[in-house]
Amino acid sequence: MATDPTALVPELADVSAALFRAVGNRSLPRGTVSLVQLRAGQLAGSTYLTVLHTGFLRKAGESEERITSVASWQDSPYLTAPERAALALVDAVLQPNPDGERVSDELYAEVAAHYDEKALATLMLAIGQVNFFTAIALIAKPVPGKAFTDPWA
């Protein structure tokens, strides 16, 4: 895309700011949000989002082991049980399930055992936030590792 999408649709900046405020309500650890959003970027196949969230995790002081183990989170000794539950939710939401519903009652109960209602709602919004930006990242193709507006500066 040759033009910054926010120049074409200025309301995008308001939507983006609202999503960041909602997800940043402190009901979830920031590290958990970034791990979830890194996994969502991986599942979407977006290098931009994967590089972005990897950078956020590094800036937050997360270890390379924790960051790289997101790709194989199911057996990672570097992630906590609540983090693995959150990542299981991301996988369920973003991957088709040929056998039925994506988020089973059992998975919901597992995640709810680790997070209170506000944190669970915030987790849902964090997954939605990265999904919102997935379309922009895949269509507009910002350069991985650069600020989103850099390609249009």
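Everything numeric here is computed off the predicted structure, so don't read it as measured data.

Draft legend 1. Looking closely at helix H8 (residues 117–140). Taking 1.5 Å per residue as the helical rise, H8 with its 24 residues ought to reach 34 Å, and the 35 Å between its terminal C-alpha atoms agrees with that figure. Roughly 25° is the biggest bend found in H8, and it falls at Phe133. Its side-chain oxygen at 3.2 Å from the backbone nitrogen of Lys118, Asp116 defines the N-terminal cap of H8. One or two positions beyond H8, positive phi appears at Lys141, with a value near 55°.

Draft legend 2. Quick peek at the environment of Gly100. Looking at where Gly100 falls in the secondary structure, it is placed in the loop between helix H6 (81–94) and helix H7 (105–112). You can call Gly100 partly exposed: its relative accessible area is 41%. Separated by 24 residues in the primary sequence, Gly100 and Met124 have C-alpha atoms spaced 20 Å apart.

Draft legend 3. Molecular detail of the packing of helix H3 (residues 30–44) against helix H4 (residues 47–59). Across the interface, H3 lies against H4 with an axial gap of 8 Å and an inter-helix angle of 160°. Here H3 is positioned roughly antiparallel relative to H4, judged by the angle of their axes. When the axes of H3 and H4 are compared, the crossing they make is left-handed. When H3 is examined against H4, the residues Arg30, Gly31, Ser34, Leu35, Gln37, Leu38, Gly41 and Gln42 are found in contact with a partner set consisting of Leu49, Thr50, His53, Thr54, Phe56 and Leu57. The residue inventory of the contact of H3 with H4, partitioned by class, reads 5 nonpolar, 8 polar and 1 charged.

Draft legend 4. Highlighting the packing of H4 against H8. At their nearest, the axes of H4 and H8 sit 9 Å apart, and the two run at 130° to each other. Overall, the two elements H4 and H8 adopt an arrangement that is oblique. Here Tyr48, Leu49 and His53 of H4 come into contact with H8, specifically with Val130, Phe133, Thr134 and Ala137. Residues of the contact of H4 with H8, tallied by class, amount to 5 nonpolar, 2 polar and no charged.

Draft legend 5. Up close: the nonpolar core. One finds Val36, Leu89, Val111, Tyr115 and Leu123 to be the most contacted residues of the largest nonpolar core, which totals 36 residues. Contributions of two or more residues to this core are made by helix H2 (11–23), H3, H4, H6, H7 and H8. At 10 residues, the largest contribution of residues to this core is made by H8. When residues no more than four places from it in sequence are discounted, the contact partners of Val36 are Ala86, Leu87, Val90, Leu123 and Ile127.

Draft legend 6. Seen up close, the pattern of salt bridges. For the coordinates displayed, the defined rule picks out 4 salt bridges. Across the salt bridge formed by Arg39 and Asp91, the nearest N and O atoms sit 2.8 Å from each other. You can see Arg39 sitting in helix H3 and its partner Asp91 sitting in helix H6, a full 52 residues away along the chain. Like Asp91, Arg39 is buried. Ionic pairing is found between Arg66 and Glu62, a salt bridge with its closest N-O pair at 2.5 Å. Arg66 sits in the buried class, given a relative accessible area of 14%. Overlapping salt bridges, with partners in common, bring together Glu62, Arg66 and Glu83 in one network.

Draft legend 7. Representation of the packing of aromatic side chains. In this structure the tally under the stated criterion is 2 aromatic pairs. Taken together, a centroid distance of 6.2 Å and an interplanar angle of 45° make the contact between Phe20 and Phe133 tilted. Placement of Phe20 in helix H2 and of Phe133 in helix H8 is noted, with a sequence separation of 113 residues between them. With a relative accessible area of 44%, Phe20 lands in the partly exposed category. Judged by centre distance (5.1 Å) and plane angle (90°), the rings of Phe132 and Phe133 are edge-to-face. Accessibility expressed as a relative area gives 18% for Phe133, which makes it buried.

Calculation criteria
Residues numbered from 1 in each chain as written. Predicted model: local features only at pLDDT ≥ 70, side-chain atom pairs only at ≥ 80, totals over all residues. Heavy atoms only, no water. Helix = DSSP H or I, 4+ residues; strand = E, 2+ residues; numbered from the N terminus. Expected span 1.5 Å × (residues − 1). Bend = angle between axes of the 7 residues up to and from the residue. Polar contact = N/O pair within 3.5 Å; in protein donor to acceptor, adjacent residues only side chain to side chain. Buried < 20%, exposed > 50% of the residue type's maximum accessible area, 1.4 Å probe, protein only. Axes fitted to C-alpha atoms, helices over the stretch in contact; angles between N-to-C directions. Parallel < 35°, antiparallel > 145°, perpendicular 65-115°, else oblique. Left-handed = near helix turned anticlockwise from the far one by under 90°. Contact = heavy atoms within 4.5 Å. Nonpolar A, V, L, I, M, F, W, Y, C, P; charged D, E, K, R; others polar. Core = buried A, V, L, I, M, F, W, Y, C linked by side-chain atoms within 4.5 Å. Salt bridge = Lys/Arg side-chain N within 4 Å of Asp/Glu carboxyl O. Phe/Tyr/Trp six-rings, centres within 6.5 Å; stacked < 30°, edge-to-face > 60°.

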